[in-house]
Structures are given as C-alpha cells and as structure tokens.
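Spelled out from the first residue to the last, the chains are:
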Amino acid sequence: MSSSPVVISAASKHTASVIFLHGLGDTGHGWAAALQMLKLPHVKYICPTAPTMPVTLNAGYRMPSWFDLKTLDAEGPEDEEGIKRASETVMKMIEEEEEKGIPSNRIVLGGFSQGGALALYSALRCTKQLGGVIALSCWLPLSKQFPYAAEGNIDVPLLQCHGDLDTVVPYKWGRMTHELLKTFMCNVELKTYKGLCHSSCDDEMKDVGEFLKRIIP
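Residues numbered from 1 in each chain as written. Predicted model: local features only at pLDDT ≥ 70, side-chain atom pairs only at ≥ 80, totals over all residues. Heavy atoms only, no water.

The chain carries the name palmitoyl-protein hydrolase in an unreviewed UniProt entry, which gives Argiope bruennichi as its organism. As recorded by UniProt, the Sequence similarities (unreviewed entry) comment attached to the chain reads in full: "Belongs to the AB hydrolase superfamily. AB hydrolase 2 family." Comment text from UniProt for the chain, heading Subcellular location (unreviewed entry), reads "Cytoplasm". (UniProt positions renumbered as here; feature names shortened; annotations may be inferred.)

This is the structure in structure tokens:
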C-alpha cells in the first residue's frame, strides 16, 4: 500500500466492514465519500489507495494502480505476478479486520474497474467465507484459469454492475464475465445501467446500498 487507507468508521456499533478498491489512477477518497452516503450506521468502509507504479497501457506513466495493465484487449497479456501480489495485499486487509473482531462473513469486498477486477479475483482466491462481493464496471482477471483457480466464495452473493455505454471496460466484457461466473457461482446478479459510461450513478449506488443491507444487515 502506498499510504494508509481512507477509513470511514461505523456511526453506531461496528458489526461489518466493506473493503472497496478504486479504479486506475484514482485514490481511496472519491469512493469513501460515495459509500458514506449509503448511511449504513453499523458498517465501516475501508478505501485503500493503490501503490503508484508505471502502467504499460498508459505508455509507462506512473499512477496509482493495483497491478500493471498491459492492454485493454480481452485476449491480451496480463500481469499475473502483479495481480497475485495485489490479491495478497487484499487478503492481509481481510485478516486485519478479523483481528479487530469482525468475522469474515461480515466483510464485503468491492471495487470499481481495475479495483473491481481485483476484488472479484481476490474473493474467489480467498479461502475464508466473505459476506459478498460488489463488482462495478469490471472484469475477472486471469479468467482462463477459472473455475479451476477458485478457492472459495463461489456461493456468496455477487452484485455485478455495468453501464451499457462503457467504452473503457466494454459492457460486453461485463456480460462475458457474468456468463463465466454463472457457470460456477450460484448467487450472481448483473445489473445494467442504460446510458451509463465508465462511471457510477445514483441508481447504481442505491442498488449497492440495498445489496449491502441485504447481505450484512
């Protein structure tokens, strides 16, 4: 981690945690503000900022990134080592919450774009039962390794959200990811937002809030 995560403490007794990972070039601050608006008093939100590294896709320019992105082509090469390393960082964050007394099934992993991709990958590689997964405008990294690479959480609730006008992470990637996940996960939902590009919207955040109320009441 490049710096300590942005943490929004629970407003009342803390009984659940959401770890939310931002997209390429962003920081934890933007999502912390959006999540705080969900007004779930028992939930603590942890929004880490990715380490700064050169990103091949952006001509080697340095920016906050969970792992290197080599291309935005679905068949292109992936930074397998970086993805696995980033996933280990996420596992440590889950353990830290457990040490603070929150059972893993009250911890939700989520993220947007590259962060959503890492959240999805990490959840499926995690042997601890999580509360659920929120995957916004993203894809499953190293997807050819699945379902064999899945170590756990194939039965936890997964909310996938994608705008149908997304040109950065094309909507069809979201659909392809959904079709793959449905073959081995039993509780997956894909919500599509008409007219939404590569960003979030009020309807999506409302759906995220409802999902969290349902899975970590």
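Caption draft 1: Geometry of the sheet that holds strand E3 (residues 43-47). Taking strand neighbours across the sheet as the criterion, the 7 strands line up as E1-E3-E2-E6-E7-E8-E9 in an open arrangement whose pairing is mixed. The outermost strands of the open sheet, each flanked by one partner alone, are strand E1 (6-8) and strand E9 (188-193). Averaged over all neighbouring strand pairs, the angle between strand axes comes to 15°, with direction disregarded. When E1 meets E3, the two strands line up antiparallel, connected through 3 bridges. Residue pairing in the sheet places Val6 in a bridge with Cys47 of E3. Seen against the sheet, helix H2 (residues 80-99) touches strand E2 (16-21), E3 and strand E6 (107-112) and runs at an angle of roughly 145° to E6. (Pairing = 2+ DSSP bridges. Helix = DSSP H or I, 4+ residues; strand = E, 2+ residues; numbered from the N terminus. Axes fitted to C-alpha atoms, helices over the stretch in contact; angles between N-to-C directions. Contact = heavy atoms within 4.5 Å.)

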